[in-house]
Amino acid sequence: MYSGQSAIDHLVTEVSKEDSGESSHWRKYHSLFKFTGDGFEGLQGFGGGEKPYRWLRSGVHCLLQRRFRRMGGEFPQFKSIDRLADEITSRQGRAYDLDVLRQSLTLAFLKRHAPNALSSEATVCVIGDGFASMTALLLSSSLSGRVVLINLTKTLLVDLWYLKRWMGAEAFESSVDLVTDVGGLARALSRPATNDAEGGRVIAIKASDHELLRRCPVDLALNIASMQEMDLPIIAAYFDDLRAIAAQRKLLFYCCNREEKALPDGVVTRFSAYPWHTSDQILVDELCPWHQQYYDIRPPFYRPYDGPIRHRLVTLK
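Throughout what follows, the structure given in this document is the object of discussion.

## Quick notes on the overall build of the chain
When helices and strands are tallied, the chain shows 10 helices and 15 strands. Relative to a compact globule of 317 residues, whose C-alpha radius of gyration would be 20 Å, the chain shows 18 Å and is just as compact. The burial tally for the chain puts 54% of its 317 residues in the buried class. Considering only contacts in the chain between residues 6 or more positions apart, those separated by 24 or more positions represent 76%. Total accessible area on the chain stands at roughly 13,600 Å², and carbon and sulfur atoms take up 50% of it.

Okay, structure coming up:
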């Protein structure tokens, strides 16, 4: 087990190694990735990392984001989550862009549709998180006392780096554990989850060690726009992990991904072909309103993605 800064240091030593869970999509987008010692170069494919918007540019982005914020009007907690997201990105030194805004909308949506799975006592698993946006929102809103964060090695390094910028060095040191084996996971789980704004517990797991997830007492698992970028056996393996948990306790799974996507090597992933079971209890299944379009500061300002994106909330069997 590696805690605090030692977790970051360990991941730095691992980024040059081949990542067994990396699809052709990630081999392409990680090709220019570089850790410089005090930051990163070549960040592509998992959210924006721009500097905060200033002056006129800030106003333009705020205006273009209004369409998406209106979607949050039906969720009682959206405004408070929206404010938290602004504070988080400010402390991280990055823009509150559409990628983060969609995470805010998603969390507010989940609080409405899965209220019992989100609380200061809950353990939430985030499979794939750009810049730790959802992880930070879950902890800062006290909608989770513990987050299990799983990602590819390079992206997980970015997640922890930005978590530290948000939490601060002292809280990060006492609150974040990277586990690589069953013993380390047991020690991390034995530490009490906390719910103060900057001290919630994070258990980080490299994607190559994803089977450790089976031993985690997860109440809600999330995957947002990253299963669509995995190879088919990896998608199936995550479903196996989640069903192993569901065999022991009630588990909700929120999955938001493109209905169909072709990866650079020709592999095609389809949402409908994920290993769902007919016995899964579907709570919500529809096209995700805030994932159908993105905006650009040049006309036409709103543009569709390369295919519809669906979200589904289920109780897994």
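After that view of the structure, there is still more to cover.
## Re the nonpolar core
Counting residues in each nonpolar core, the largest one holds 66 residues, and the members touching the most others are L138, L160, L163, L220, L222 and Y254. When residues of this core are assigned to their parent elements, the largest contribution, 9 residues, is made by helix α7 (residues 153–167). C125, V148, L152 and F239 belong to the second largest nonpolar core, which has 33 residues in total.

## Topic: the environment of E229
Of note, E229 is situated in the loop between β8 (220–224) and α10 (232–246). Residues E229 and N257, 28 residues apart in the sequence, show an inter-C-alpha distance of 9.1 Å. Residues in contact with E229, not counting those within four places in the same chain, are S23, H25, W26, K261 and L263. Reaching out from E229, the side chain makes a polar contact with the side chain of K261 at a distance of 3.3 Å.

## Remarks on the pairing of strand β6 (residues 176–179)
With burial as the criterion, each face of β6 is covered, one bearing V176 and L178 and the other bearing D177 and V179. Examined bridge by bridge, strand β1 (residues 2–3) and β6 share 2 bridges and lie antiparallel to one another. Considered in β6, the bridge of Y2 is made with L178.

## Some words on the side chain of N151
As for its placement among the helices and strands, N151 is situated in strand β5 (residues 146–151). Setting aside its immediate chain neighbours within four residues, N151 contacts G128, D129, L156, D159, I205, K206 and A207.

## Some words on the environment of D285
Residue position: D285 is located in strand β12 (residues 281–287). Residues D285 and L139 lie 146 residues apart in sequence; the distance between their C-alpha atoms is 26 Å. Beyond its immediate stretch of four places on either side in the chain, D285 contacts R310, H311 and R312.

Each value, and the rule that gives it
- All residue numbers refer to position in the chain's written sequence, counted from 1.
- Thresholds applied to this predicted model are a pLDDT of at least 70 for local features of residues and 80 or more for the giving and counting of side-chain atom pairs; totals over whole chains, interfaces and linings are not thresholded and use all residues.
- With hydrogens and water set aside, each side-chain value is computed from the structure's full complement of heavy atoms.
- Runs of H or I in DSSP of at least four residues are treated as helices and runs of E of at least two as strands, each being numbered from the N terminus.
- Atoms counted for the radius of gyration: C-alpha only. Globule rule: 2.2 Å times residue count to the power 0.38.
- Residue exposure (1.4 Å probe, protein chains only): buried if accessible area is under 20% of the type maximum, exposed if over 50%, otherwise partly exposed.
- By definition in these notes, contact holds between two residues if any of their heavy atoms fall within 4.5 Å.
- Per-residue accessibility takes into account occlusion by the displayed protein chains alone, with areas from the Shrake-Rupley method and a 1.4 Å probe.
- The criterion is simple. A nonpolar core is a set of buried Ala, Val, Leu, Ile, Met, Phe, Trp, Tyr and Cys residues joined through side-chain atoms within 4.5 Å.
- Here a polar contact means two N or O atoms within 3.5 Å. Within protein one must be a hydrogen donor candidate and the other an acceptor candidate, and residues neighboring in sequence count only if both atoms are side-chain atoms.
- Between any two strands, at least two bridges found by DSSP are needed for them to pair.

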